[in-house]
Amino acid sequence: MRGTVATMTERHLCVFCNGPNNSREHAIASWFLKRWDDQGPFTASINGEPLLTKAKRPAQSDKIWRVMLPCCSDCNNGLDKSFEKPAKEPVRRLLNDLQPLDTVAEVRNVSRWAAKTLALYA
(Lines give C-alpha, C1' and ligand atoms only; values in the text may rest on other atoms or scores of the structure.)
Protein backbone atom coordinates (compact mmCIF):
# COMPACT_ATOMS: atom_id res chain seq x y z
CA MET A 1 0.00 0.00 0.00
CA ARG A 2 2.78 2.37 0.84
CA GLY A 3 4.36 2.04 -2.64
CA THR A 4 1.00 2.83 -4.25
CA VAL A 5 0.68 6.04 -2.28
CA ALA A 6 4.20 7.14 -3.28
CA THR A 7 3.51 6.36 -6.92
CA MET A 8 0.27 8.35 -6.90
CA THR A 9 1.99 11.28 -5.19
CA GLU A 10 4.88 11.29 -7.67
CA ARG A 11 2.47 11.67 -10.59
CA HIS A 12 1.36 14.97 -9.14
CA LEU A 13 4.86 16.45 -8.96
CA CYS A 14 6.76 18.51 -11.50
CA VAL A 15 9.44 16.31 -13.09
CA PHE A 16 11.88 19.24 -13.02
CA CYS A 17 11.52 20.79 -9.54
CA ASN A 18 9.22 18.37 -7.61
CA GLY A 19 6.75 21.22 -7.12
CA PRO A 20 2.99 20.76 -7.67
CA ASN A 21 2.12 19.54 -11.17
CA ASN A 22 -0.28 22.08 -12.68
CA SER A 23 0.92 22.02 -16.29
CA ARG A 24 2.40 19.72 -18.94
CA GLU A 25 5.52 20.02 -21.05
CA HIS A 26 5.65 18.59 -24.56
CA ALA A 27 8.80 16.47 -24.90
CA ILE A 28 8.74 17.41 -28.59
CA ALA A 29 7.26 20.86 -29.17
CA SER A 30 3.70 20.92 -30.47
CA TRP A 31 4.62 23.60 -33.04
CA PHE A 32 7.22 21.16 -34.41
CA LEU A 33 4.91 18.12 -34.47
CA LYS A 34 2.08 20.02 -36.19
CA ARG A 35 4.15 19.95 -39.38
CA TRP A 36 3.19 16.30 -39.81
CA ASP A 37 -0.44 16.37 -38.61
CA ASP A 38 -2.84 14.55 -40.91
CA GLN A 39 0.03 12.89 -42.79
CA GLY A 40 -0.43 9.56 -41.00
CA PRO A 41 -1.30 6.99 -40.27
CA PHE A 42 1.39 6.91 -37.62
CA THR A 43 2.03 3.93 -35.38
CA ALA A 44 3.70 3.77 -31.99
CA SER A 45 5.88 1.29 -30.17
CA ILE A 46 7.15 0.87 -26.65
CA ASN A 47 10.58 -0.71 -26.29
CA GLY A 48 10.38 -1.86 -29.91
CA GLU A 49 7.00 -3.56 -29.47
CA PRO A 50 4.03 -2.11 -31.40
CA LEU A 51 1.37 -0.45 -29.30
CA LEU A 52 -1.81 -2.48 -29.89
CA THR A 53 -5.50 -1.64 -29.74
CA LYS A 54 -7.97 -3.76 -27.76
CA ALA A 55 -8.55 -5.65 -31.02
CA LYS A 56 -4.80 -6.52 -31.05
CA ARG A 57 -4.10 -4.40 -34.15
CA PRO A 58 -1.31 -1.79 -34.29
CA ALA A 59 -2.58 1.50 -32.87
CA GLN A 60 -2.68 4.22 -35.53
CA SER A 61 -3.29 7.96 -35.56
CA ASP A 62 -3.38 10.72 -38.17
CA LYS A 63 -1.24 12.77 -35.77
CA ILE A 64 2.06 11.92 -34.17
CA TRP A 65 1.51 11.04 -30.53
CA ARG A 66 2.50 13.76 -28.11
CA VAL A 67 4.68 12.81 -25.16
CA MET A 68 3.73 15.00 -22.21
CA LEU A 69 5.67 15.42 -18.97
CA PRO A 70 3.97 16.62 -15.78
CA CYS A 71 5.43 19.91 -14.63
CA CYS A 72 4.61 23.16 -12.90
CA SER A 73 3.75 26.30 -14.82
CA ASP A 74 6.98 28.02 -13.69
CA CYS A 75 9.17 25.27 -15.19
CA ASN A 76 6.98 25.08 -18.31
CA ASN A 77 7.24 28.84 -18.83
CA GLY A 78 11.00 28.75 -18.17
CA LEU A 79 11.55 26.03 -20.78
CA ASP A 80 9.42 27.95 -23.27
CA LYS A 81 11.35 31.18 -22.70
CA SER A 82 14.81 29.57 -22.59
CA PHE A 83 14.53 26.94 -25.34
CA GLU A 84 11.33 27.01 -27.41
CA LYS A 85 10.89 30.67 -28.33
CA PRO A 86 14.53 31.33 -29.31
CA ALA A 87 14.59 28.27 -31.61
CA LYS A 88 11.11 28.34 -33.15
CA GLU A 89 11.70 30.70 -36.07
CA PRO A 90 15.19 29.43 -37.00
CA VAL A 91 13.92 25.82 -36.98
CA ARG A 92 10.93 26.76 -39.12
CA ARG A 93 13.20 28.59 -41.56
CA LEU A 94 15.48 25.56 -41.77
CA LEU A 95 12.57 23.21 -42.46
CA ASN A 96 10.32 25.42 -44.59
CA ASP A 97 12.84 27.35 -46.66
CA LEU A 98 15.93 25.15 -46.35
CA GLN A 99 17.83 28.30 -45.40
CA PRO A 100 20.98 28.13 -43.27
CA LEU A 101 21.15 29.60 -39.80
CA ASP A 102 22.38 33.18 -40.01
CA THR A 103 24.16 33.77 -36.72
CA VAL A 104 26.07 32.01 -33.99
CA ALA A 105 23.13 32.82 -31.69
CA GLU A 106 20.73 30.95 -34.00
CA VAL A 107 23.04 27.92 -34.12
CA ARG A 108 23.29 27.98 -30.33
CA ASN A 109 19.51 28.37 -29.87
CA VAL A 110 18.66 25.53 -32.27
CA SER A 111 21.34 23.30 -30.74
CA ARG A 112 20.08 23.95 -27.21
CA TRP A 113 16.48 23.28 -28.28
CA ALA A 114 17.50 20.03 -30.02
CA ALA A 115 19.44 18.85 -26.95
CA LYS A 116 16.52 19.71 -24.63
CA THR A 117 14.08 17.94 -26.94
CA LEU A 118 16.18 14.77 -27.15
CA ALA A 119 16.74 14.73 -23.38
CA LEU A 120 13.04 15.12 -22.57
CA TYR A 121 11.96 12.60 -25.19
CA ALA A 122 14.41 10.00 -23.84
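This text goes with the structure placed above it.
Residues numbered from 1 in each chain as written. Predicted model: local features only at pLDDT ≥ 70, side-chain atom pairs only at ≥ 80, totals over all residues. Heavy atoms only, no water.

Peer 1: What is the right way to read the pattern of salt bridges from this model?
Peer 2: Think of it this way: side chains of opposite charge can pair up when their charged atoms draw near. With the rule as written, the count across this model stands at 7 salt bridges. The salt bridge partner of glutamate 25 is lysine 116, with a shortest N-O separation of 3.3 Å. Taken together, the residues span a long stretch of sequence, with glutamate 25 in strand E1 (residues 23-26) and lysine 116 in helix H4 (residues 104-121) at a distance of 91 residues. With a relative accessible area of 8%, lysine 116 lands in the buried category. One salt bridge connects arginine 93 with aspartate 102, and the closest N-O pair in it is separated by 3.7 Å. Given the relative accessible area of 21%, arginine 93 is considered partly exposed. Salt bridges linked by common partners bring Glu25, Glu84 and Lys116 together as one network. (Salt bridge = Lys/Arg side-chain N within 4 Å of Asp/Glu carboxyl O. Helix = DSSP H or I, 4+ residues; strand = E, 2+ residues; numbered from the N terminus. Buried < 20%, exposed > 50% of the residue type's maximum accessible area, 1.4 Å probe, protein only.)

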